[in-house]
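The chain contents come next:
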Amino acid sequence: MRPRRWIPLRAALVVLAALVLQVSVAADLRVAGAIGDLVLVVVVAAALTGGPDRGATYGFAAGLLYDLVVDTPFGLTPLTYALVGYGVGLAGAALQRTSGWWPVAVAALAGVAHAALYTGLGNLVGVAYPFDDLPAIALVVGAGAALAIVPAMRALWWVHGHDEPDRLEVMFR
Amino acid sequence: MAISPPTGSRTRVAVLVLASVTLVVIGLRDVAVVRDLREGAAEVVAPVERALGTVTSPFRNAWHGITDYEDVKRENDRLRAELAETEAAGIGRSDAEQQFADLTAALDLPFAGDLPTVTARVVSGPRSNFSHAIEIDKGTDDGVAVGMPAAAGGGLVGRVTQATAGTARVELITDPEFRVGVRLAEGGALGTARGQGRGEPLAVDTSINPRTEVADGTGVVTSGVDRSAYPPGIPVGTVAEVREGSGGLALELVVTPLVEADQLSYVTVLQWQPE
């Protein structure tokens, strides 16, 4: 087990690193006009490694930080990240004994779900995000999340520690 | 792997959702605290972004070479043709000269008249899939202030929505929340243009009678009517399609912006503020 006093510091470090990489590097790497979402990947990894509580908490905190550096409606990202983090935590708990590739599949679906949720809630609060953009955004965010989920889970294990290695991690060793 | 059971999570997620919804409501009211927090975050992020941008530029350039291959190829063909013409005229053009040409194109603002301007480099494009703003390398120290319009060689780019000492954020005309009062260059009919997302044309709601003829290609400029957020006469785009608005009582115009907001290297901020 990690000494508990270091956990908030390490957690902050991981979230901030993801945020800085997102706005400085990932934001410039567009595919079909859309970009991947590294901050969402950290939220999904937190949910997969720690359950719905941790997923929702990371989602809220990371979303709040992300909203400080973008021009989108303030509060919308913490809301969508927290909901996705919670949902992924529940799904992760339910699917724990399935294939070793489940984190990859769940992360991809979480990316798609987040894109749809954000577009829908954005329109609900009065910002007319075009639904035509949704397929490209969902595809790119989903694919990006699937690619980055394993290193993100390792980062989360570095923060919180873990007793048993994941089957996918064993395979990659 | 230890997974926390979901028992008790519902209360926490309910609290977090409630807190988020409260933040959304506060954020929609554009309160000063949120503005200040965002400005503070921009001050912190700018130097880190600049440093990381420099370090990672070879990788990003390689990425653009792969993902924008077709565009790069077309651009390459065009540049080859230009180079051939240039060589024929006995004039070489270096990268620095090309950058200078871009810069002077951004400065070519006949509509700006006597307005003082600040030319800025675009340091970052939209930072998320739902953001429609760019970051520029000039701020309040250079005379840039919130509310000032931004333009490039061809016309209106957007409006400054946030400014710190050394950086500023420009909301692009493609933002679904962007609104600008416009008038037709021919006939002078007024309307309101609104953004419809990245790569999409603008939609202009007018009060023009549906029986009126509006020709495709008609120019659209900022109206600058009383209390407008923009000075008059900045080119916005050209009419690409004319259709009946909702209710059939007036025309709605589809306008192609003159400036490709995603492809900018430099913008010019017009030092003009609404009265």
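Numbers given for residues are sequential positions, taken from 1 along each chain in its written order. The order in which chains are written sets their letters, starting at A; the order in which ligands are written sets their numbers, starting at 1. Restriction of local features to residues with pLDDT of at least 70 applies here, the model being predicted, together with a cutoff of 80 or more for giving and counting side-chain atom pairs; totals for whole chains, interfaces and linings are based on all residues.

Caption draft 1: Spotlight on the environment of A151(B). Only runs of H or I of at least four residues qualify as helices and only runs of E of at least two qualify as strands under DSSP, and these elements are numbered from the N terminus. With respect to the secondary-structure elements, A151(B) resides in strand β3 (residues 149–152). It is 15 Å that separates the C-alpha atoms of A151(B) and V182(B), two residues lying 31 residues apart in sequence.

Caption draft 2: Fine view of the sheet that holds strand β1 (residues 117–124) of chain B. Residues and elements named next belong to chain B. A pair of strands is labelled paired if DSSP reports no fewer than 2 bridges between them. With respect to topology, 6 strands assemble into a closed barrel ordered β1-β2-β5-β4-β3-β12, the strand pairing being antiparallel. In this sheet, adjacent strand axes meet at a mean angle of 45° when their direction is disregarded. The sheet contact formed by strand β2 (residues 133–136) and strand β5 (residues 168–172) spans 4 bridges and is antiparallel. Looking at the pairing, I136 lines up with A168 of β5. With axes taken as lines fitted to C-alpha atoms, and helix axes fitted only over the stretch in contact, angles between N-to-C directions fall between 0 and 180 degrees.

Caption draft 3: Summary view of the sheet that holds strand β10 (residues 235–244) of chain B. The 6 strands lie next to each other as β6-β7-β8-β11-β10-β9 (chain B), forming a closed barrel whose pairing is antiparallel. For this sheet the average axis-to-axis angle between neighbouring strands, irrespective of direction, equals 40°.

Caption draft 4: Region of interest: the packing of helix α3 (residues 52–68) of chain A against helix α4 (residues 76–94) of chain A. Residues and elements named next belong to chain A. At a closest axis distance of 7 Å, the pairing of α3 and α4 adopts a crossing angle of 160°. The orientation of α3 with respect to α4, classified from their angle, is roughly antiparallel. Judged by the twist between their axes, the crossing of α3 over α4 is right-handed. Polarity classes work like this: nonpolar for Ala, Val, Leu, Ile, Met, Phe, Trp, Tyr, Cys and Pro, charged for Asp, Glu, Lys and Arg, and polar for all others, with Gly in that last group. Looking at side-chain class alone, the contact of α3 with α4 contains 14 nonpolar, 7 polar and 3 charged residues. An angle counts as roughly parallel when it lies under 35 degrees, as roughly antiparallel when it exceeds 145, as roughly perpendicular when it falls between 65 and 115, and as oblique in every other case. With the far helix as reference, a near helix turned anticlockwise by less than a right angle produces a left-handed crossing, and one turned clockwise produces a right-handed crossing.

Caption draft 5: A look at the pairing of β1(B). Here β1(B) runs beside strand β12 (residues 266–270) of chain B; their pairing, made up of 5 bridges, is antiparallel. Within β12(B), the position partnered with R121(B) by the bridge is Y266(B).

Caption draft 6: Spotlight on the nonpolar core. What makes a nonpolar core is a set of buried Ala, Val, Leu, Ile, Met, Phe, Trp, Tyr and Cys residues, with links drawn between C-beta atoms within 7 Å. Residues with at least 20 other C-beta atoms within 10 Å of their own are called buried, those with 12 or fewer are called exposed, and the rest are partly exposed. The C-beta atoms themselves are positioned from the backbone. With 70 residues, the main nonpolar core has V41(A), V42(A), V43(A), V44(A), A45(A), A145(A) and I149(A) as its most contacted residues. Of all elements in the fold, only α1 (7–24), α2 (38–50), α3, α4, α5 (102–124) and α6 (134–160) of chain A together with α1 (9–28) and α2 (32–67) of chain B reach the threshold of two or more residues within this core. Any two residues are considered in contact once their C-beta atoms, placed from the backbone, lie within 7 Å. Those residues within four positions of V42(A) in sequence are excluded, and the remaining contacts are V14(A), V15(A), A18(A), Y58(A), A62(A) and A152(A). Grouped together as the second largest cluster of nonpolar side chains are 43 residues, I134(B), A150(B), V180(B) and I208(B) included.

Caption draft 7: Examining the packing of α1(A) against α2(B) more closely. At a minimum axis separation of 9 Å, α1(A) and α2(B) run at an interaxial angle of 65°. What the angle tells us is that α1(A) and α2(B) run roughly perpendicular. As α1(A) runs across α2(B), the sense of the crossing is right-handed. Taken together, the residues of α2(B) that come into contact with α1(A) (itself represented by V20(A), V23(A) and S24(A)) are V45(B), V48(B), E49(B), L52(B) and G53(B). Classifying every residue of the contact of α1(A) with α2(B) gives 5 nonpolar, 2 polar and 1 charged.

Caption draft 8: Quick look at the interface of chain A and chain B. Each partner contributes residues to the interface: chain A has 51 residues there, and chain B has 51 residues. When contributions to the side of chain A that touches chain B are tallied by element, the ones reaching two or more residues are α1, α3, α4, α5 and α6 of chain A. Of the residues assigned to the side of chain A that touches chain B, the class counts are 32 nonpolar, 10 polar and 9 charged.

Caption draft 9: How the structure looks around α1(A). Relative to the 26 Å expected for 18 residues at 1.5 Å per residue, α1(A) spans 25 Å between its end C-alpha atoms, a close match to the ideal helical length. When α1(A) is considered as a whole, its buried residues turn out to be A11(A), V14(A), V15(A), A18(A), L19(A), Q22(A), V23(A) and S24(A). Contact partners of the buried residues in α1(A): α2, α3 and α6 of chain A together with α2 of chain B. Expected span, for any helix, means 1.5 Å times one less than how many residues it has.

Caption draft 10: A look at the domain arrangement of chain B. A domain assignment, automatic or from a database, supplies the domain bounds used here. Examined at the domain level, chain B breaks down into domain 1 (14–82) and domain 2 (179–261). Measuring from the centre of the C-alpha atoms in domain 1 of chain B to the corresponding centre in domain 2 of chain B gives 29 Å.

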